[in-house]
Amino acid sequence: MQNLEKLQEKLGYKFKNQTHLKIALTHKSAKNGHNNERLEFLGDAVMDLIVGEYLFKKFSSDEGDLSKLRAALVNESSFSKFAKFLGIGENLNMSLSEERNGGREKPSLLSDAFEAIMGAVYLESGLQNTARIAIAILEILYPRISFNELVRDYKTALQELTQAKFGVTPEYILLGSSGPDHKKSFEMAALVGGKWLSSAVGASKKEAEQKCAQIAIDLLQNSASHGTSAQNSEQTACASDAQSGANCAQDGKKGLRGGSGRAQDSKKGEHNNRGGTPSAKKSNERNGRDTDRQGGGEQGGAL
(Lines give C-alpha, C1' and ligand atoms only; values in the text may rest on other atoms or scores of the structure.)
Protein backbone atom coordinates (compact mmCIF):
# COMPACT_ATOMS: atom_id res chain seq x y z
CA MET A 1 0.00 0.00 0.00
CA GLN A 2 1.28 3.44 -0.91
CA ASN A 3 2.58 5.73 1.79
CA LEU A 4 3.40 8.92 -0.05
CA GLU A 5 3.57 11.00 3.13
CA LYS A 6 6.40 8.89 4.52
CA LEU A 7 8.25 8.99 1.20
CA GLN A 8 8.02 12.80 1.05
CA GLU A 9 9.17 13.02 4.65
CA LYS A 10 12.33 11.03 3.89
CA LEU A 11 12.78 13.02 0.69
CA GLY A 12 12.61 16.27 2.61
CA TYR A 13 10.19 17.75 0.12
CA LYS A 14 6.40 18.11 0.02
CA PHE A 15 5.06 18.13 -3.53
CA LYS A 16 2.85 21.09 -4.38
CA ASN A 17 1.06 18.92 -6.92
CA GLN A 18 0.70 15.32 -5.79
CA THR A 19 -0.03 14.29 -9.37
CA HIS A 20 3.62 14.94 -10.24
CA LEU A 21 4.74 12.49 -7.57
CA LYS A 22 2.19 9.87 -8.62
CA ILE A 23 3.29 10.06 -12.25
CA ALA A 24 6.93 9.75 -11.17
CA LEU A 25 6.01 6.54 -9.37
CA THR A 26 4.07 5.04 -12.28
CA HIS A 27 5.81 2.36 -14.33
CA LYS A 28 4.85 2.01 -17.98
CA SER A 29 3.40 -1.46 -17.30
CA ALA A 30 0.51 0.17 -15.41
CA LYS A 31 -0.86 1.47 -18.75
CA ASN A 32 -3.09 4.12 -17.23
CA GLY A 33 -2.25 6.90 -19.67
CA HIS A 34 0.77 8.34 -17.86
CA ASN A 35 4.12 6.86 -16.85
CA ASN A 36 7.42 8.12 -15.50
CA GLU A 37 9.59 7.78 -18.61
CA ARG A 38 9.59 11.49 -19.53
CA LEU A 39 10.31 12.56 -15.96
CA GLU A 40 13.02 9.90 -15.75
CA PHE A 41 14.69 11.39 -18.84
CA LEU A 42 14.70 14.83 -17.23
CA GLY A 43 15.82 13.56 -13.83
CA ASP A 44 18.73 11.70 -15.36
CA ALA A 45 20.09 14.94 -16.84
CA VAL A 46 19.43 16.86 -13.63
CA MET A 47 21.25 14.33 -11.45
CA ASP A 48 24.17 14.25 -13.86
CA LEU A 49 24.56 18.02 -13.44
CA ILE A 50 24.00 18.04 -9.67
CA VAL A 51 26.53 15.30 -8.92
CA GLY A 52 28.99 16.73 -11.45
CA GLU A 53 28.89 20.16 -9.78
CA TYR A 54 29.13 18.59 -6.32
CA LEU A 55 32.26 16.64 -7.24
CA PHE A 56 33.76 19.65 -9.02
CA LYS A 57 33.50 21.72 -5.85
CA LYS A 58 34.55 18.92 -3.49
CA PHE A 59 37.64 17.63 -5.33
CA SER A 60 40.50 19.21 -7.22
CA SER A 61 40.99 16.13 -9.39
CA ASP A 62 41.38 16.35 -13.14
CA GLU A 63 38.59 15.80 -15.65
CA GLY A 64 39.31 12.10 -16.08
CA ASP A 65 39.10 11.28 -12.37
CA LEU A 66 36.02 13.45 -11.89
CA SER A 67 34.29 11.66 -14.74
CA LYS A 68 35.05 8.28 -13.18
CA LEU A 69 33.78 9.44 -9.80
CA ARG A 70 30.57 10.74 -11.33
CA ALA A 71 30.07 7.50 -13.22
CA ALA A 72 30.47 5.61 -9.93
CA LEU A 73 27.66 7.68 -8.37
CA VAL A 74 25.36 8.40 -11.29
CA ASN A 75 24.28 4.92 -12.29
CA GLU A 76 21.57 2.32 -11.82
CA SER A 77 23.21 0.69 -8.82
CA SER A 78 23.66 3.96 -6.96
CA PHE A 79 20.21 5.33 -7.75
CA SER A 80 18.53 2.09 -6.74
CA LYS A 81 20.14 2.59 -3.31
CA PHE A 82 18.67 6.10 -3.22
CA ALA A 83 15.28 4.62 -4.10
CA LYS A 84 15.46 1.96 -1.38
CA PHE A 85 16.41 4.61 1.17
CA LEU A 86 13.27 6.56 0.24
CA GLY A 87 11.03 3.48 0.16
CA ILE A 88 10.15 3.99 -3.49
CA GLY A 89 9.62 0.29 -4.23
CA GLU A 90 6.57 -0.10 -2.05
CA ASN A 91 5.03 2.99 -3.63
CA LEU A 92 5.50 2.07 -7.28
CA ASN A 93 2.41 1.80 -9.44
CA MET A 94 2.84 -1.12 -11.86
CA SER A 95 0.99 -4.00 -13.44
CA LEU A 96 0.25 -7.13 -11.43
CA SER A 97 2.45 -9.22 -13.72
CA GLU A 98 5.39 -6.83 -13.25
CA GLU A 99 4.90 -6.94 -9.50
CA ARG A 100 4.84 -10.74 -9.53
CA ASN A 101 8.12 -10.66 -11.45
CA GLY A 102 9.78 -8.78 -8.59
CA GLY A 103 9.33 -5.32 -10.07
CA ARG A 104 9.36 -3.60 -6.70
CA GLU A 105 12.90 -4.84 -6.12
CA LYS A 106 14.33 -4.43 -9.63
CA PRO A 107 17.27 -2.00 -9.60
CA SER A 108 16.33 -0.67 -13.05
CA LEU A 109 12.75 0.20 -12.03
CA LEU A 110 13.87 1.69 -8.72
CA SER A 111 16.57 3.76 -10.38
CA ASP A 112 14.18 5.06 -13.05
CA ALA A 113 11.59 6.03 -10.45
CA PHE A 114 14.16 7.90 -8.36
CA GLU A 115 15.30 9.86 -11.42
CA ALA A 116 11.66 10.59 -12.26
CA ILE A 117 11.09 11.98 -8.75
CA MET A 118 14.13 14.21 -9.11
CA GLY A 119 12.78 15.38 -12.45
CA ALA A 120 9.42 16.17 -10.84
CA VAL A 121 11.07 18.09 -7.98
CA TYR A 122 13.10 20.07 -10.52
CA LEU A 123 9.95 21.03 -12.46
CA GLU A 124 8.21 22.21 -9.28
CA SER A 125 10.98 23.97 -7.41
CA GLY A 126 14.03 24.36 -9.60
CA LEU A 127 17.63 23.18 -9.53
CA GLN A 128 18.68 24.55 -6.15
CA ASN A 129 16.03 22.65 -4.18
CA THR A 130 16.63 19.50 -6.20
CA ALA A 131 20.36 19.71 -5.53
CA ARG A 132 19.77 20.19 -1.81
CA ILE A 133 17.63 17.03 -1.67
CA ALA A 134 19.92 14.91 -3.84
CA ILE A 135 23.15 15.87 -2.07
CA ALA A 136 21.58 15.28 1.37
CA ILE A 137 20.72 11.70 0.39
CA LEU A 138 24.06 11.23 -1.35
CA GLU A 139 26.01 12.17 1.77
CA ILE A 140 23.92 9.83 3.92
CA LEU A 141 24.47 6.84 1.65
CA TYR A 142 28.05 7.71 0.72
CA PRO A 143 29.56 9.35 3.83
CA ARG A 144 33.09 8.81 2.53
CA ILE A 145 33.37 9.76 -1.11
CA SER A 146 36.86 9.02 -2.34
CA PHE A 147 38.41 7.89 -5.59
CA ASN A 148 40.00 4.81 -4.04
CA GLU A 149 36.75 3.61 -2.48
CA LEU A 150 34.39 4.30 -5.37
CA VAL A 151 36.56 3.79 -8.42
CA ARG A 152 38.54 0.62 -8.83
CA ASP A 153 39.84 -0.49 -12.18
CA TYR A 154 38.72 -4.11 -12.08
CA LYS A 155 39.69 -4.64 -15.72
CA THR A 156 43.31 -3.85 -14.99
CA ALA A 157 43.22 -5.98 -11.84
CA LEU A 158 41.78 -8.94 -13.77
CA GLN A 159 44.36 -8.56 -16.52
CA GLU A 160 47.18 -8.62 -13.99
CA LEU A 161 45.65 -11.67 -12.30
CA THR A 162 45.12 -13.73 -15.46
CA GLN A 163 48.51 -12.83 -16.91
CA ALA A 164 50.22 -13.88 -13.69
CA LYS A 165 48.27 -17.13 -13.34
CA PHE A 166 47.63 -18.20 -16.90
CA GLY A 167 49.69 -15.98 -19.19
CA VAL A 168 46.60 -14.71 -21.04
CA THR A 169 44.79 -11.38 -21.31
CA PRO A 170 40.98 -11.13 -20.86
CA GLU A 171 38.79 -10.03 -23.73
CA TYR A 172 35.27 -8.60 -23.65
CA ILE A 173 32.42 -9.12 -26.09
CA LEU A 174 29.06 -7.38 -26.44
CA LEU A 175 26.14 -9.77 -25.91
CA GLY A 176 23.41 -7.25 -26.58
CA SER A 177 21.77 -3.95 -25.64
CA SER A 178 18.29 -2.85 -24.61
CA GLY A 179 16.33 0.17 -23.48
CA PRO A 180 15.54 3.58 -24.99
CA ASP A 181 18.24 5.53 -26.82
CA HIS A 182 18.73 8.00 -23.97
CA LYS A 183 19.27 5.21 -21.45
CA LYS A 184 20.49 1.99 -22.97
CA SER A 185 21.75 -1.01 -21.04
CA PHE A 186 24.60 -3.11 -22.38
CA GLU A 187 25.37 -6.73 -21.58
CA MET A 188 29.03 -7.71 -21.86
CA ALA A 189 30.87 -10.99 -21.28
CA ALA A 190 34.45 -11.54 -20.12
CA LEU A 191 36.42 -14.30 -21.79
CA VAL A 192 39.75 -15.62 -20.58
CA GLY A 193 41.72 -17.83 -22.92
CA GLY A 194 38.69 -17.88 -25.21
CA LYS A 195 36.47 -19.26 -22.45
CA TRP A 196 33.39 -17.59 -20.95
CA LEU A 197 34.08 -16.49 -17.39
CA SER A 198 31.43 -13.92 -16.48
CA SER A 199 28.78 -11.54 -17.81
CA ALA A 200 27.13 -8.35 -16.53
CA VAL A 201 24.86 -5.48 -17.52
CA GLY A 202 25.74 -1.80 -17.27
CA ALA A 203 24.62 1.64 -18.40
CA SER A 204 27.63 1.70 -20.73
CA LYS A 205 29.90 -0.88 -22.26
CA LYS A 206 32.74 0.24 -19.98
CA GLU A 207 30.59 -0.09 -16.86
CA ALA A 208 29.46 -3.57 -17.89
CA GLU A 209 33.07 -4.59 -18.57
CA GLN A 210 34.12 -3.41 -15.11
CA LYS A 211 31.31 -5.45 -13.55
CA CYS A 212 32.35 -8.50 -15.59
CA ALA A 213 35.92 -8.11 -14.40
CA GLN A 214 34.85 -7.74 -10.76
CA ILE A 215 32.77 -10.93 -10.93
CA ALA A 216 35.63 -12.80 -12.61
CA ILE A 217 38.13 -11.67 -9.97
CA ASP A 218 35.84 -12.82 -7.17
CA LEU A 219 35.37 -16.18 -8.88
CA LEU A 220 39.06 -16.81 -9.41
CA GLN A 221 40.09 -15.59 -5.96
CA ASN A 222 37.38 -17.60 -4.19
CA SER A 223 38.44 -20.70 -6.09
CA ALA A 224 42.05 -20.16 -5.08
CA SER A 225 41.12 -19.60 -1.43
CA HIS A 226 39.32 -22.94 -1.38
CA GLY A 227 42.37 -24.72 -2.71
CA THR A 228 40.94 -25.56 -6.11
CA SER A 229 43.04 -25.52 -9.23
CA ALA A 230 42.74 -22.80 -11.83
CA GLN A 231 41.43 -25.40 -14.23
CA ASN A 232 38.63 -26.39 -11.86
CA SER A 233 37.84 -22.71 -11.36
CA GLU A 234 37.53 -22.22 -15.07
CA GLN A 235 35.40 -25.32 -15.44
CA THR A 236 33.07 -24.10 -12.70
CA ALA A 237 32.68 -20.75 -14.46
CA CYS A 238 32.05 -22.43 -17.77
CA ALA A 239 29.49 -24.78 -16.31
CA SER A 240 27.41 -21.79 -15.24
CA ASP A 241 26.64 -20.99 -18.85
CA ALA A 242 25.32 -23.34 -21.50
CA GLN A 243 27.44 -21.83 -24.22
CA SER A 244 30.63 -22.37 -22.30
CA GLY A 245 29.86 -25.99 -21.54
CA ALA A 246 31.08 -26.96 -24.98
CA ASN A 247 34.25 -24.97 -24.45
CA CYS A 248 34.91 -26.80 -21.20
CA ALA A 249 34.55 -30.18 -22.86
CA GLN A 250 36.82 -29.18 -25.69
CA ASP A 251 39.42 -27.37 -23.66
CA GLY A 252 39.55 -29.89 -20.83
CA LYS A 253 42.12 -31.73 -22.92
CA LYS A 254 44.54 -28.87 -22.52
CA GLY A 255 46.70 -28.51 -19.41
CA LEU A 256 47.48 -25.46 -17.37
CA ARG A 257 50.49 -23.27 -17.75
CA GLY A 258 53.36 -24.17 -15.44
CA GLY A 259 55.07 -21.75 -13.11
CA SER A 260 57.26 -20.64 -16.00
CA GLY A 261 54.19 -19.56 -17.97
CA ARG A 262 54.57 -22.28 -20.63
CA ALA A 263 51.59 -24.20 -21.95
CA GLN A 264 52.17 -27.91 -21.53
CA ASP A 265 50.31 -30.52 -23.55
CA SER A 266 48.52 -33.28 -21.70
CA LYS A 267 46.54 -35.89 -23.53
CA LYS A 268 44.36 -36.75 -20.54
CA GLY A 269 43.25 -34.80 -17.48
CA GLU A 270 44.61 -37.59 -15.24
CA HIS A 271 48.19 -36.33 -15.72
CA ASN A 272 47.23 -33.14 -13.85
CA ASN A 273 45.58 -35.16 -11.07
CA ARG A 274 48.89 -36.93 -10.44
CA GLY A 275 50.39 -33.51 -9.76
CA GLY A 276 52.89 -33.62 -12.62
CA THR A 277 52.77 -32.47 -16.23
CA PRO A 278 54.74 -34.58 -18.75
CA SER A 279 57.25 -32.82 -20.94
CA ALA A 280 56.16 -31.58 -24.34
CA LYS A 281 58.31 -34.26 -25.97
CA LYS A 282 56.76 -37.16 -24.03
CA SER A 283 53.27 -35.83 -24.64
CA ASN A 284 53.95 -35.68 -28.35
CA GLU A 285 55.37 -39.21 -28.33
CA ARG A 286 52.13 -40.48 -26.78
CA ASN A 287 50.22 -38.78 -29.56
CA GLY A 288 52.48 -40.32 -32.19
CA ARG A 289 53.91 -37.00 -33.21
CA ASP A 290 57.45 -36.58 -34.37
CA THR A 291 57.87 -32.92 -33.55
CA ASP A 292 58.58 -31.26 -30.24
CA ARG A 293 56.48 -28.39 -29.00
CA GLN A 294 58.53 -25.80 -27.18
CA GLY A 295 57.20 -23.38 -24.45
CA GLY A 296 54.55 -20.80 -25.36
CA GLY A 297 52.06 -23.36 -26.66
CA GLU A 298 48.49 -22.45 -27.56
CA GLN A 299 47.88 -19.45 -25.46
CA GLY A 300 44.11 -19.41 -25.83
CA GLY A 301 43.74 -22.92 -24.42
CA ALA A 302 45.08 -22.38 -20.94
CA LEU A 303 43.15 -20.93 -18.05
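What you see is a predicted model, and the numbers here were worked out from it, not measured in a lab. (Residues numbered from 1 in each chain as written. Predicted model: local features only at pLDDT ≥ 70, side-chain atom pairs only at ≥ 80, totals over all residues. Heavy atoms only, no water.)

(A) Structural detail: the pattern of salt bridges. In this structure the tally under the stated criterion is eight salt bridges. The salt bridge partner of Lys155 is Glu209, with a shortest N-O separation of 2.6 Å. With Lys155 in helix 9 (residues 154-166) and Glu209 in helix 10 (residues 205-225), the pair connects residues that are 54 residues apart, well separated along the chain. (Salt bridge = Lys/Arg side-chain N within 4 Å of Asp/Glu carboxyl O. Helix = DSSP H or I, 4+ residues; strand = E, 2+ residues; numbered from the N terminus.)

(B) Layout of the layout of surface pockets. Here the largest pocket is characterised by a volume of approximately 1100 Å³. As for the largest pocket, its lining consists of 36 residues, and the residues nearest its centre are Ala71, Ala72, Asn75, Glu207 and Gln210. Secondary structure elements with two or more residues in the lining of the largest pocket: helix 3 (37-58), helix 4 (63-73), helix 5 (76-86), helix 7 (107-141), helix 8 (147-150), helix 9 and helix 10. At six residues, the largest contribution of residues to the lining of the largest pocket is made by helix 10. (1 Å grid on protein atoms, 1.4 Å probe; cavity = no way out; pocket = protein on both sides within 12 Å on 5 of 7 lines; lining within 4 Å. Points joined across faces, edges and corners; volume = space filled by probe spheres on them.)

(C) Looking closely at the packing of helix 3 against helix 7. Between helix 3 and helix 7, the least distance of the axes is 8 Å, while the angle of their chain directions is 30°. One element, helix 3, and the other, helix 7, form an angle in the roughly parallel class. For the pair helix 3 and helix 7, the sense of crossing is right-handed. (Axes fitted to C-alpha atoms, helices over the stretch in contact; angles between N-to-C directions. Parallel < 35°, antiparallel > 145°, perpendicular 65-115°, else oblique. Left-handed = near helix turned anticlockwise from the far one by under 90°.)

(D) Seen up close, the pairing of strand 3 (residues 195-202). Of all eight residues in strand 3, six are buried, a share of seventy percent or more. Direction of pairing for strand 2 (residues 185-192) relative to strand 3: antiparallel, over a ladder of seven bridges. Looking at strand 3, one finds that Ala190 is bridged to Ser198. Hairpin connection from strand 2 to strand 3: two residues lie between these consecutive antiparallel strands, with Gly193 at a positive phi of about 65°. (Buried < 20%, exposed > 50% of the residue type's maximum accessible area, 1.4 Å probe, protein only. Pairing = 2+ DSSP bridges.)

(E) Region of interest: the environment of Ala24. Tracing the chain through its elements places Ala24 in helix 2 (residues 18-24). Along the sequence, Ala24 and Met118 sit 94 residues apart, while their C-alpha atoms lie 8.7 Å from each other. Ignoring anything within four residues of it in the chain, the contact list for Ala24 reads Asn36, Leu39, Ala113, Ala116 and Ile117. (Contact = heavy atoms within 4.5 Å.)

(F) How the structure looks around the UniProt feature "active site" (unreviewed entry) in the protein chain. Per the UniProt entry, the sites bearing "active site" (unreviewed entry) are Asp44 and Glu115 in this numbering. Maximum C-alpha separation among the annotated residues is 5.5 Å over a sequence range of 72 residues, consistent with a single clustered spot. Filtering the just-named annotated residues for those lining the largest pocket gives Asp44 and Glu115. Relative to the helices and strands, Asp44 is located in helix 3. Given a relative accessible area of 22%, Asp44 falls into the partly exposed group. Checked against the element boundaries, Glu115 lands in helix 7. (UniProt positions renumbered as here; feature names shortened; annotations may be inferred.)

(G) Region of the structure containing the nonpolar core. In terms of nonpolar packing, the biggest core is built from 43 residues, with Leu11, Met47, Ile88, Phe114 and Ile117 touching the most fellow members. Of all the elements in the fold, those that place two or more residues in this core are helix 1 (4-11), helix 2, helix 3, helix 4, helix 5 and helix 7. A total of 15 residues in this core trace back to one element, the largest contributor, which is helix 7. In contact with Leu11, not counting residues within four places along its chain, are Leu86, Ile117, Met118, Val121, Ile133 and Ile137. By size, the runner-up hydrophobic cluster in this structure holds 18 residues, among which are Leu161, Ala190, Ala213 and Ile217. (Core = buried A, V, L, I, M, F, W, Y, C linked by side-chain atoms within 4.5 Å.)

(H) Here's a closer look at the packing of helix 3 against helix 4. Two numbers describe how helix 3 lies on helix 4: the axes approach to 10 Å, and their chain directions differ by 135°. One finds that helix 3 runs oblique with respect to helix 4. As helix 3 runs across helix 4, the sense of the crossing is right-handed. Mapping the contact onto sequence places Asp48, Val51, Gly52, Leu55 and Phe56 in helix 3 and Leu66, Leu69, Arg70 and Leu73 in helix 4. Residues belonging to the contact of helix 3 with helix 4 are distributed by class as follows: six nonpolar, one polar and two charged. (Nonpolar A, V, L, I, M, F, W, Y, C, P; charged D, E, K, R; others polar.)

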